[in-house]
Amino acid sequence: MIELRATLAGRITLAAFSTLILLFLALPIVVIVVTSFGKDAFGTFPPHAWTFGWYKQLFADGSKWPAALSLSALVAAMTTAFSLILGMTAATALVRSDLPLRSVVYGLVLAPLIIPQVVIALGLFLLFEPASMLGSPVAIALGHTVLASPIAVMILMATLKGIDERLEDAAAGMGAGRLTIWRRITLPLAMPGLVAAGIFAFITSFDEFFISQFLSSVDTVTLPVQVFNVLQYNVDPSVTAVSAILIAVAVVALVLVAVVRGLGGSGRQDGLLPTEPGVGLPAVSETAS
C-alpha cells in the first residue's frame, strides 16, 4: 500500500479550505445573533445601532413568547423521559437478547427518521383527533417521541455495545438478579450514553415544527409554531432574538454532550476485567467453587 506523505503546502491548503467551509456554515448563525442586537426594526446587517430591546420585548406584558417557550420546555422534558424509557428498552432488546429478525426490527425503529415528517404529523393528527387530544402537551410529547426515540436508540445501542458483558455475567454468577445487575452495573456504565441521548432528544423536541403544527391548538402553541405564526403575516425583529436563544440552547447542549463524553465513556470500565477473552474466567469459577 502506497503511503501519501503530507507536505507543508498540502496542510496549509487543507487548513484554508476547512476554515472557509466552517466560516460558510457558521455565517448564517453569526448573522442571526448579531442582528438580534440591532436596533433597526427591519433586521439590517450589520446593525447601525445596538440594543437589548428585542429580548426585553419577548418577556413584556401581554407577550405570547413566554407561554410558547414554557410549553416547548415542558414538551421537550416529557419527550426526553419517554424517549429514554423506550430507547433503553429497545436498545437492550436489540443488543443483549437473541431477538428474531433483529435487522428488521432495527429498521422499523429507525423508520421515523426516513419517513417525511409531514407524513408522520398527518398520521399523528388522525390518531389523536378522534381522542380529542389535539392541543394536549402529552399528545405533542408523544408525537415528538416518535422522532426522538430512534436517535436515543442509536446512541444507547452504541453505549451498550461498549459495555463489557463479562461484568454482567460475573455479577450473575455471584447470584445477582437481573434488576440488581441493571441497577448496579449496566445503568452506571450507560449513564454517559443516557445523558447524551436525553440531550439530543430534548433538542429534537424543542426544535420540532411539523408535528407541533398538526397537534397544537390556539391555546397550546410551541415556540417553533409561534415563530412561524409571527413570520407568516409580518416581520417581527423579536424573532431574531428567539432564534438566538434557540442557537444558544443548541450550543449549550452540544457542549454538555462533549463534557459527558469527556468525563464518562468506556474508560470507566477499563481494567475491571482482562481484555483477552477467557483470561481470568477459570479463576473466577475456582473462587466461586
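Check the entry above for the structure.
Residues numbered from 1 in each chain as written. Predicted model: local features only at pLDDT ≥ 70, side-chain atom pairs only at ≥ 80, totals over all residues. Heavy atoms only, no water.

> Would you mind showing me how to read the overall build of the protein chain here?
Looking only at helices and strands, the protein chain features twelve helices and zero strands. Start at the N end of the protein chain and walk to the C end: the helices and strands fall as α-α-α-α-α-α-α-α-α-α-α-α. A sequence separation of at least 24 residues applies to 73% of the contacts in the protein chain between residues at least 6 apart. For the protein chain, the accessible area works out to roughly 17,400 Å², and carbon and sulfur atoms hold 71% of it. (Helix = DSSP H or I, 4+ residues; strand = E, 2+ residues; numbered from the N terminus. Contact = heavy atoms within 4.5 Å. Areas by Shrake-Rupley, 256 points an atom, 1.4 Å probe, with all protein chains shown as cover.)

> Quick question: what am I supposed to make of the side chain of Thr220 here?
You can see Thr220 is positioned in the loop between helix H9 (210–215) and helix H10 (223–233). What makes Thr220 buried here is its relative accessible area of 15%. A polar contact is formed between the side chain of Thr220 and the side chain of Ser217, at a distance of 2.8 Å. Residues contacting Thr220, with those up to four places away along its chain left out, are Leu71 and Gly135. (Buried < 20%, exposed > 50% of the residue type's maximum accessible area, 1.4 Å probe, protein only. Polar contact = N/O pair within 3.5 Å; in protein donor to acceptor, adjacent residues only side chain to side chain.)

> Please clarify how the environment of Phe59 should be interpreted in this entry.
Secondary-structure assignment places Phe59 in the loop between helix H2 (53–58) and helix H3 (65–96). Aside from chain neighbours lying at most four places away, what touches Phe59 is Pro66 and Leu69.

> Explain the packing of helix H6 (residues 137–161) against helix H8 (residues 178–206) to me, please; I cannot follow it from the model alone.
The packing of two helices is summarised by the inter-axis angle and the distance between the axes. Running from N to C, H6 and H8 cross one another at 150°; their axes reach a closest spacing of 9 Å. Judged on the interaxial angle alone, H8 and H6 are roughly antiparallel. In this structure, the crossing between H6 and H8 has a hand that is right-handed. Contacts between H6 and H8 involve His144, Leu147, Ala148, Ile151, Ala152, Ile155, Leu156, Thr159 and Leu160 from the former and Thr186, Leu189, Ala190, Gly193, Leu194, Ala196, Ala197, Phe200, Ala201, Thr204 and Ser205 from the latter. For the contact of H6 with H8, the residue count by class is 14 nonpolar, six polar and no charged. (Axes fitted to C-alpha atoms, helices over the stretch in contact; angles between N-to-C directions. Parallel < 35°, antiparallel > 145°, perpendicular 65-115°, else oblique. Left-handed = near helix turned anticlockwise from the far one by under 90°. Nonpolar A, V, L, I, M, F, W, Y, C, P; charged D, E, K, R; others polar.)

> In this structure, what is going on with the environment of Leu99? I would like to understand it.
Here Leu99 shows up in the loop between H3 and helix H4 (102–110). Discounting residues that sit within four places of it in the chain, Leu99 has contacts with Ala93, Leu94 and Val105.

> Sorry if this is basic, but what is going on with the nonpolar core here?
Note that soluble globular proteins tend to have their nonpolar side chains buried in a common cluster. Grouped together as the largest cluster of nonpolar side chains are 24 residues, with contacts concentrated most on Met88, Leu156, Met157 and Leu160. Of all elements in the fold, only H3, H6, helix H7 (165–173), H8 and helix H11 (238–263) reach the threshold of two or more residues within this core. By residue number, the principal contributor to this core is H8, which donates nine residues. Sequence-distant contacts of Met88, that is, excluding residues within four places in its chain, are made with Ser83, Leu156, Leu160, Trp182, Thr186, Ala190 and Leu194. Core analysis: the next-biggest nonpolar cluster, separate from the first, contains 15 residues, Leu223, Val227, Ala241 and Val242 among them. (Core = buried A, V, L, I, M, F, W, Y, C linked by side-chain atoms within 4.5 Å.)

> Mind showing me how you'd approach the packing of aromatic side chains here?
Centre-to-centre distance and the angle between the planes together describe a pair of aromatic rings. All told, the structure shown has five aromatic pairs when counted by the stated rule. For the ring pair Phe125 and Phe214, a centre distance of 6.5 Å and an interplane angle of 70° mean the geometry is edge-to-face. Remark: Phe214 occurs in helix H9 and Phe125 occurs in helix H5 (residues 117–128); sequence separation between them is 89 residues. For Phe125, a relative accessible area of 27% corresponds to the partly exposed category. (Phe/Tyr/Trp six-rings, centres within 6.5 Å; stacked < 30°, edge-to-face > 60°.)

> Just checking my understanding: could you explain a nonpolar patch on the surface for this structure?
A contiguous nonpolar patch, built from Phe17, Leu20 and Leu23 and spanning about 350 Å² of accessible area, is present on the exposed surface. Within the secondary structure layout, Leu20 lies in helix H1 (residues 8–35). (Patch = residues over 30% accessible without salt bridge, like charges linked within 9 Å, V, L, I, M, F, W, Y side chains within 5 Å. Salt bridge = Lys/Arg side-chain N within 4 Å of Asp/Glu carboxyl O.)

> Even after reading the chapter, I still don't get the side chain of Thr79, so can you show me in this structure?
Locating Thr79 in the fold gives a position in helix H3. By relative accessible area, Thr79 is classed as buried at 0%. Reaching out from Thr79, the side chain makes a polar contact with the backbone oxygen of Ala141 at a distance of 3.4 Å. Thr79 has contacts with Ala141, His144, Thr145, Ala148, Ala201 and Ser205, leaving out every residue within four places of it along the chain.

> Would you mind going over unusual backbone geometry with me for this structure?
Residues other than glycine predominantly adopt negative phi, and peptide bonds predominantly adopt the trans conformation. One non-glycine residue with positive phi stands out, namely Ser132, at about 55°. Within the secondary structure, Ser132 sits in the loop between H5 and H6. Given the relative accessible area of 66%, Ser132 is considered exposed.

> In this structure, what is going on with the packing of H3 against H10? I would like to understand it.
For the pair H3 and H10, interaxial distance at closest approach is 8 Å and the crossing angle is 145°. Contact residues: H3 offers Trp65, Ala68, Leu69 and Ser72, while H10 offers Leu223, Pro224, Gln226, Val227 and Val230. The class makeup of the residues in the contact of H3 with H10 is seven nonpolar, two polar and no charged.

Shape descriptors only; they carry no functional weight alone.
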